[in-house]
Amino acid sequence: MTTSSAPGKVYLFGEHAVVYGEPAVPCAVGRRARVTVEERDDDRIRVEAEDLSLDGFTVTYGDDPDDADVNVPGDLVAAATGYVDGAVAQARDAADAPDAGFSVTIESDIPLGAGLGSSAAVAVAGIDAATRELGVELSATELADRAYRVEHEVQEGQASRADTFCSAMGGAVRVEGDDCKRLPDPPDLPFVVGYDGGAGNTGELVAGVRDLREQYEFAADTVASIGDLVREGERALRDDDVARIGELMDFNHGLLSALGVSARSLDAMVWGARGAGAMGAKLTGAGGGGCVVALDESDATLTALEYTTACETAFRAELDTEGVRRE
Ligand code: MEV
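Residues numbered from 1 in each chain as written. Predicted model: local features only at pLDDT ≥ 70, side-chain atom pairs only at ≥ 80, totals over all residues. Heavy atoms only, no water.

### Regarding the overall build of the chain
Note the cut-off: A run of H or I in DSSP becomes a helix once it reaches four residues, and a run of E becomes a strand once it reaches two; helices and strands are each numbered from the N terminus. Here's how the labels work: a residue is buried when its accessible area is under 20% of the maximum for its type, exposed when over 50%, partly exposed in between, all with a 1.4 Å probe on protein chains only. Pairs of residues are marked as contacts when any of their non-hydrogen atoms sit within 4.5 Å. Under the convention used here, a 1.4 Å probe and the Shrake-Rupley method define accessible areas, while residue burial counts only the protein chains that appear. Under this rule, positive means Lys or Arg and negative means Asp or Glu; His and the chain ends count for nothing. Here the site of a charge means atom NZ of a Lys, CZ of an Arg, CG of an Asp or CD of a Glu.
When helices and strands are tallied, the chain shows nine helices and 13 strands. Projected onto the principal axes, the alpha-carbon positions of the chain cover approximately 55 × 40 × 40 Å. Here the chain holds 327 residues, and the buried ones make up 56% of them. Excluding contacts between residues fewer than 6 apart, the proportion of contacts in the chain whose partners are at least 24 apart in sequence is 71%. When the accessible surface of the chain is totalled, it reaches about 13200 Å², and 43% of it is carbon and sulfur. Positive and negative charge centroids in the chain, built from 27 and 61 side chains respectively, lie 4 Å apart.

### Section: the site of the ligand
So the rule is basically this: A cutoff of 4 Å decides nearness: a residue is near a molecule or strand if any of its heavy atoms lies inside that distance of it. Polar contacts here mean pairs of N or O atoms no more than 3.5 Å apart (in protein, one a potential hydrogen donor and the other a potential acceptor; neighbouring residues in sequence count only if both atoms are side-chain atoms). For this classification, Asp, Glu, Lys and Arg are treated as charged, while Ala, Val, Leu, Ile, Met, Phe, Trp, Tyr, Cys and Pro are nonpolar and the rest, including Gly, are polar.
With respect to spatial proximity, 13 residues lie near the ligand, and among them His-16, Gln-155, Ala-159, Ser-160 and Asp-163 are the closest. At 2.9 Å from an oxygen atom of the ligand is found a main-chain nitrogen or oxygen belonging to His-16. The side chain of Ser-160 places a nitrogen or oxygen atom 2.5 Å from an oxygen atom of the ligand. Protein contacts shield 97% of the accessible area of the ligand, which totals 300 Å² for the unbound molecule. The residue makeup of the shell around the ligand, split by class, is six nonpolar, four polar and three charged.

### Overview of the domain arrangement of the chain
Applicable threshold: Domain borders in the structure are assigned automatically or taken from a domain database. Summed over both partners, the accessible area lost on bringing two parts together, with a 1.4 Å probe, is the buried area. By salt bridge we mean one thing: a side-chain nitrogen of Lys or Arg within 4 Å of a carboxyl oxygen of Asp or Glu.
Assigned domains of the chain: these are domain 1 (2-183) and domain 2 (191-317). Listed by partner, the interface residues are 30 residues for domain 1 and 40 residues for domain 2. Taken together, both faces of the contact between domain 1 and domain 2 bury some 2800 Å²; the carbon and sulfur share is 67%. Sorting the residues of domain 1 by area buried against domain 2 places Phe-13, His-16 and Tyr-20 first, and these three jointly supply 26% of that buried surface. Linking domain 1 with domain 2 are three salt bridges, by the criterion used here. One salt bridge connects Glu-15 with Lys-282, and the closest N-O pair in it is separated by 2.8 Å. Our count for the contact surface shared by domain 1 and domain 2 stands at twelve residue pairs in polar contact (both at pLDDT 80 or more). Contributing elements (two or more residues each) for the side of domain 1 that touches domain 2: strand S1 (2-13), strand S2 (25-39) and strand S7 (173-176). Partitioned by chemical class, the residues of the side of domain 1 that touches domain 2 number 17 nonpolar, seven polar and six charged.

### Points about the nonpolar core
It is characteristic of soluble globular proteins that their nonpolar side chains tend to be buried jointly. Threshold: By convention a nonpolar core is built from buried Ala, Val, Leu, Ile, Met, Phe, Trp, Tyr and Cys residues, the set being connected through side-chain atoms within 4.5 Å.
The biggest cluster of nonpolar side chains holds 97 residues, and the ones touching the most others in it are Leu-12, Phe-13, Phe-191 and Ile-245. Broken down by element, this core gets its largest block of residues, eight residues, from helix H2 (residues 118-133). Counting the residues that make up this core, at least three belong to each of domain 1 (2-183) and domain 2 (191-317). Among residues more than four places away in sequence, those in contact with Ile-245 are Leu-12, Phe-13, Pro-187, Leu-189, Ala-236, Leu-237 and Leu-295.

### Description of the sheet that holds strand S9 (residues 191-195)
The strands that make up a sheet pair up through hydrogen bonds in the backbone, lying either parallel or antiparallel. Just so we agree on the cut-off: Here the rule is simple: two strands pair whenever DSSP picks up at least two bridges between them. What counts as an axis is a line fitted to C-alpha atoms, over the stretch in contact for a helix, and the angles between N-to-C directions run from 0 to 180 degrees.
Read across the sheet, four strands follow the order S10-S11-S9-S12 without closing on themselves; strand pairing throughout is antiparallel. Each edge of the open sheet carries a strand with a single partner, namely strand S10 (280-283) and strand S12 (313-317). Strand-to-strand twist across the sheet, computed as the mean angle between neighbouring axes with direction ignored, equals 20 degrees. Across four bridges, S10 lies against strand S11 (residues 291-295) in antiparallel orientation. Each residue of the ladder has a partner; that of Gly-280, found in S11, is Leu-295. Contacting S10 and S11, helix H7 (residues 242-258) runs over the sheet at an angle of about 35 degrees to S10.

### Observations regarding the UniProt feature "binding site: ATP" (unreviewed entry) in the chain
Just so we agree on the cut-off: UniProt positions are given in the numbering used here, feature names are shortened, and annotations may be inferred rather than shown by experiment.
Taking the numbering used here, the UniProt-annotated feature "binding site: ATP" (unreviewed entry) corresponds to Pro-111, Leu-112, Gly-113, Ala-114, Gly-115, Leu-116, Gly-117, Ser-118, Ser-119, Ala-120 and Ala-121. Structurally, Gly-113 can be placed in the loop between strand S6 (102-108) and H2. Under the relative-accessibility criterion, Gly-113 is labelled partly exposed at 27%. Secondary-structure assignment places Ala-114 in the loop between S6 and H2. With residues near it in sequence (within four places) discarded, Ala-114 still touches Tyr-195, Gly-198, Thr-284, Gly-289, Gly-290 and Cys-291.

Okay, here's the thing in structure tokens:
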């Protein structure tokens, strides 16, 4: 039996635009998905998941997920098992073991589909645990690459390397197309996260931005403006200018709203944070529901979010410099 874990992330800047080759800066945070894998005697996959902000579920199937024996609605199962399936396929390929079967248990303190990179963390930790279980050890870079292929497939060809690279490597990272690197000395960033208890569908939100960008010039310009803003943000990061970083996060939220990926609950939390004096606040990840990230050293934003009706829970999140690891 092998267990690996990988961190979730918040986007300081650049989600969505990164899908079109603009740069983005996600930061790994200290909330992890843990995946335990045990090789089976047959070629089936059994998945058990708990703590995914959903009722726990169990699903067992062999080659055909349509024959699955499940205890919760299909779309929830599809969301989580899509990434597990992909991770298992990558592990079988990496270990040259096409018929390997696994019992997989996922425990996660990253809410599912909420913009904190739960699916990337599950894919990265899943590939690591399954390959180790088969006696193969992959580098963090190869895990990031294979997990990206999983996301790419599940998101129907529209994914960036940002979430998976960040989860595999940890720390603050910069991703532009295939060029991915860790940022050497990011300043202290006092992240506060507000979570509305909901989730967005990443595939649908990404497709919505794609359609808007094809239909309207303003949307293509907005994507390009997010790229400019990220480059400006990188300068602020190099200068340790946290106030400027906050200001740019505010602008980034506005541009994401223009692309139609915010939600009433996310806007309410963003304004709640700003009203409490946060240095900046924006949605994080695909949007549509889920989480916002704000910057505030004091507890004012945390308290304000806790009193915001749209917010189910709020917490501080520390930058996690460690990526995927064996537990
Ligand atoms: C989702 O966490 C981030 C997006 O930019 C999609 C992606 O980068 O694959 C919306």
